[in-house]
Amino acid sequence: MVGRFQPFHNGHLAVIKEILKENRSIIIGIGSAQYSHTLKDPPFTAGERHLMISSSLEQEGIYNFYLVPIEDVNSNPLWVAHVESLTPPGFDRVYTNNPPLVRRLFQESGYEVRSMKLLNRKDWSGTSIRKKIISGEDWKSDVPKAVAEIIEEIDGVTRLRELTQSDE
């Protein structure tokens with residue numbers, strides 16, 4: 001499963017639980033790992049997102065996962081090979097709701113590609129949650145407790161609000 005997880009939210013957690021019902025373990029690729037501190041790309045570092053995901057899964061008693069930061073490669077024909085070079089060997093199924101290009105690239109490389117059911121998309125999307133954080137609305141109910149704690153610990157609310165001011 002590849003995503004940017006900006007931030008990791010309850011929808012991501014629900015999808016991971018569903019994936020684990022039919023798989024022994026899950027490899028989670030943290031996409032756009034080279035970016036942080038922008039509103040356009042992930043506002044959180046790859047390390048912060050890694051901590052959000054691992055802490056959330058461990059709070060749920062889930063330990064059969066591998067987290068892999070994946071930097072963007074600006075060459076579509078090389079992207080799947082890049083992902084393969086960073087992940088543990090042996091995966092044959094990819095879960096994504098990313099743009100059709102991601103689906104196509106993995107299919108052309110011989111992978112079974114499945115879509116994931118999106119839950120409560122109105123509230124459980126990174127864009128929606130970041131907007132709530134910036135505007136001071138309730139966002140903590142949309143993320144696992146560990147994520148809320150980490151965002152507060154790194155002063156992520158102030159970071160997002162300052163990024164809004166700097167992008168204007």
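Before reading on, note that the structure itself is shown above.
Owing to the predicted nature of the structure, the values given are computational and were not obtained by experimental measurement.

**Student:** Hey, could you run me through the packing of aromatic side chains in this one?
**Tutor:** A ring pair, where both rings are aromatic, is described by two values, the distance of the centres and the angle of the planes. Counted under the stated rule, the structure contains 4 aromatic pairs. For the ring pair Phe 5 and Phe 8, a centre distance of 6.0 Å and an interplane angle of 50° mean the geometry is tilted. Exposure remark for Phe 5: the relative accessible area of 2% places this residue in the buried category. Pairing Phe 106 with Tyr 111 gives two aromatic rings, centres 5.6 Å apart and planes at 80°, and the pair type is edge-to-face. Residue Phe 106 shares its accessibility class with Tyr 111, and that shared class is buried.

**Student:** Could you clarify how one ought to interpret the packing of helix α3 (residues 76-86) against helix α4 (residues 100-108) in this entry?
**Tutor:** Helix packing for two helices is described by the angle between their axes and how far apart those axes are. With their axes 10 Å apart at the nearest point, α3 and α4 run at an angle of 70° to one another. What the angle tells us is that α3 and α4 run roughly perpendicular. Crossing handedness for the pair α3 and α4: right-handed. The residues of α4 that touch α3, namely those facing Asn 76, Trp 79, Val 80 and Val 83, are Leu 101, Val 102, Leu 105 and Phe 106. Classifying every residue of the contact of α3 with α4 by side-chain character gives 7 nonpolar, 1 polar and no charged.

**Student:** Teacher, can you tell me more about the environment of Asn 64 here?
**Tutor:** Relative to the helices and strands, Asn 64 resides in the loop between α2 (46-59) and β3 (65-69). Separated by 41 residues in the primary sequence, Asn 64 and Asn 23 have C-alpha atoms spaced 9.8 Å apart. A polar side-chain atom of Asn 64 sits 2.6 Å from the main-chain carbonyl oxygen of Arg 24.

**Student:** Hey, could you run me through helix α6 (residues 145-153) in this one?
**Tutor:** Working note: α-helix, 3.6 residues per turn, so residues spaced by three or four point in the same direction. If you check which residues of α6 are buried, you get Ala 146, Val 147, Ala 148, Ile 150 and Ile 151. Downstream of α6 by a residue or two, Asp 155 has a phi angle that is positive, lying close to 55°.

**Student:** Just checking my understanding: could you explain the sheet that holds β3 for this structure?
**Tutor:** Either a parallel or an antiparallel arrangement is found when strands of a sheet pair, and the pairing is made through backbone hydrogen bonds. Reading across the sheet, the 3 strands line up as β1-β2-β3 and stay open at both edges, with parallel pairing between neighbours. Sheet topology places β1 (2-3) and β3 at the edges, where each strand pairs with a single neighbour. Note: β1 against strand β2 (residues 26-30), 2 bridges, orientation parallel. Looking at the pairing, Gly 3 lines up with Ile 30 of β2.

**Student:** Would you explain the pattern of salt bridges in this entry?
**Tutor:** Two side chains that carry opposite charge are able to pair once their charged atoms sit near each other. Counted by the stated rule, this structure contains 10 salt bridges. With its nearest N and O atoms 2.8 Å apart, the salt bridge here joins Lys 17 to Glu 60. Here Lys 17 is found in helix α1 (residues 10-21), whereas its partner Glu 60 is found in the loop between α2 and β3, with 43 residues between them in sequence. Of the charged contacts, one joins Glu 152 and Lys 140 as a salt bridge, the two residues approaching to 2.2 Å between their closest N and O atoms. On the criterion of sequence distance, the pair formed by Glu 152 in helix α6 and Lys 140 in the loop between α5 (126-135) and α6 is long-range, its members being 12 residues apart. Assessed through its relative accessible area of 43%, Glu 152 is described here as partly exposed.

**Student:** I'm lost on the nonpolar core in this one. Help?
**Tutor:** Counting residues in hydrophobic clusters, the biggest one holds 30 residues, and the most contacted among them are Phe 8, Ile 28 and Leu 57. For this core, the elements supplying multiple residues, two or more each, are α1, β2, α2, β3, α5, α6 and α7 (156-166). By residue number, the principal contributor to this core is α1, which donates 5 residues. With residues near it in sequence (within four places) discarded, Phe 8 still touches Leu 13, Ile 16, Met 52, Ile 53, Ser 56, Leu 57, Val 143, Pro 144 and Val 147.

**Student:** I tried to follow the side chain of Ser 125 on my own but got confused; where do I start?
**Tutor:** Of note, Ser 125 is situated in the loop between β5 (112-114) and α5. What makes Ser 125 buried here is its relative accessible area of 11%. In this structure the side chain of Ser 125 is engaged in a polar contact, spanning 3.1 Å, whose partner is the backbone nitrogen of Ser 128.

The rules behind these values
Residues numbered from 1 in each chain as written. Predicted model: local features only at pLDDT ≥ 70, side-chain atom pairs only at ≥ 80, totals over all residues. Heavy atoms only, no water. Phe/Tyr/Trp six-rings, centres within 6.5 Å; stacked < 30°, edge-to-face > 60°. Buried < 20%, exposed > 50% of the residue type's maximum accessible area, 1.4 Å probe, protein only. Axes fitted to C-alpha atoms, helices over the stretch in contact; angles between N-to-C directions. Helix = DSSP H or I, 4+ residues; strand = E, 2+ residues; numbered from the N terminus. Parallel < 35°, antiparallel > 145°, perpendicular 65-115°, else oblique. Left-handed = near helix turned anticlockwise from the far one by under 90°. Contact = heavy atoms within 4.5 Å. Nonpolar A, V, L, I, M, F, W, Y, C, P; charged D, E, K, R; others polar. Polar contact = N/O pair within 3.5 Å; in protein donor to acceptor, adjacent residues only side chain to side chain. Pairing = 2+ DSSP bridges. Salt bridge = Lys/Arg side-chain N within 4 Å of Asp/Glu carboxyl O. Core = buried A, V, L, I, M, F, W, Y, C linked by side-chain atoms within 4.5 Å.

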